Amino acid sequence: MQRRLILLRHGETEYNATSRMQGQLDTVLSQRGVDQAHAAAKELLDLGISKIVSSDLMRAKNTAEVVAADLGLPVGVDERLRETHLGEWQGKTHNEVDSAHEGARAVWRTDASWAPPRGESRLQVAERSRAVVDELMRDYDEWDNSAVLLVSHGGTIAALTASLLGFVVAQYPAIKGLGNANTARLVAMPRLDEPTETRWFLEAWNRGLN
């Protein structure tokens, strides 16, 4: 039994292009982001995807809809795949956050347990997004020898990947950023020492055209 998991980051938004922090603000794709979604759809076409689940934020959902149209599949939506809530940082540029909170972004990048003011930590993001995968592993019988596509956000995908691979807190920052409309690809296989249990392996990171 092999269950492949493909994690696709949404296409570019104007916030991405101007280094503005989105978090859970419901921004939309730029024209470049739409083009990136179409390019990603072509790359994903022959990967045996049998199910698509997206974050409910429009930038991810619209990316998922472009891919789903080419694959002939419906799109499920789960708000647990949303981006990290960035609290008081949402809507601000990197420079604005750095001016108001000197050194805080560096702490946030290096400590997965730290959260922006009134926001959530990467560990919290990992917990809520990991529950989506665990439920699919339990309930989606058609997953065997096919792939599930989750369309989400850069921070969420990095946190989820670290969780699936069993990283400790100090290892979370080892995963670099994911380009817009690029993918992480993992596979779950039976453990050799405990065949009734599965273990996740990373097959590819930041794969795509961007």
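A brief look at the structure comes next.

Considering the pattern of salt bridges
Then, number 1: Within the structure shown, the criterion is met by 14 salt bridges.
Then, number 2: Salt-bridge contacts for D78 lead to R80; the nearest nitrogen and oxygen are separated by 2.8 Å.
Then, number 3: One salt bridge in this structure joins R130 and D134, with 2.9 Å as the shortest N-O distance. Here R130 pairs with D134, and both are found in helix α6 (residues 122-139), just four residues apart, close to one helical turn.
Then, number 4: Each of the salt bridges in this network shares a partner with another, and the network as a whole consists of E43, R185 and R207.

A closer look at the pairing of strand β4 (residues 147-152)
Then, number 1: Among the six residues of β4, six are classified as buried, and the element is accordingly described as predominantly covered.
Then, number 2: With five bridges connecting them, strand β2 (residues 49-54) and β4 associate as parallel partners. Looking at β4, one finds that V53 is bridged to L150.

Focus on the nonpolar core
Then, number 1: Residues L5, L7, V133, W143, L150 and W200 are the most contacted members of the largest nonpolar core, which totals 20 residues.
Then, number 2: Those elements giving two or more residues to this core turn out to be β1 (3-9), α6, β4, α7 (154-164) and β5 (183-190).
Then, number 3: Among the elements that make up this core, the one with the highest residue count is α6 (four residues).
Then, number 4: Residues contacting L7, with those up to four places away along its chain left out, are L150, I157, L160, T161, N182, T183, A184 and L186.
Then, number 5: I6, A64, V66 and L149 belong to the second largest nonpolar core, which has 18 residues in total.

Looking at the packing of α6 against α7
Then, number 1: Remark: α6 packs on α7, axes separated minimally by 8 Å, with the N-to-C direction vectors making an angle of 75°. One way to sum up the angle between α6 and α7 is to call them roughly perpendicular. Residues R122, V125, A126, S129, R130 and V133 of α6 touch α7, and the partners they reach there are T156, A159, L160, S163 and L164.

Cut-offs applied
Residues numbered from 1 in each chain as written. Predicted model: local features only at pLDDT ≥ 70, side-chain atom pairs only at ≥ 80, totals over all residues. Heavy atoms only, no water. Salt bridge = Lys/Arg side-chain N within 4 Å of Asp/Glu carboxyl O. Helix = DSSP H or I, 4+ residues; strand = E, 2+ residues; numbered from the N terminus. Buried < 20%, exposed > 50% of the residue type's maximum accessible area, 1.4 Å probe, protein only. Pairing = 2+ DSSP bridges. Core = buried A, V, L, I, M, F, W, Y, C linked by side-chain atoms within 4.5 Å. Contact = heavy atoms within 4.5 Å. Axes fitted to C-alpha atoms, helices over the stretch in contact; angles between N-to-C directions. Parallel < 35°, antiparallel > 145°, perpendicular 65-115°, else oblique.

Shape descriptors only; they carry no functional weight alone.
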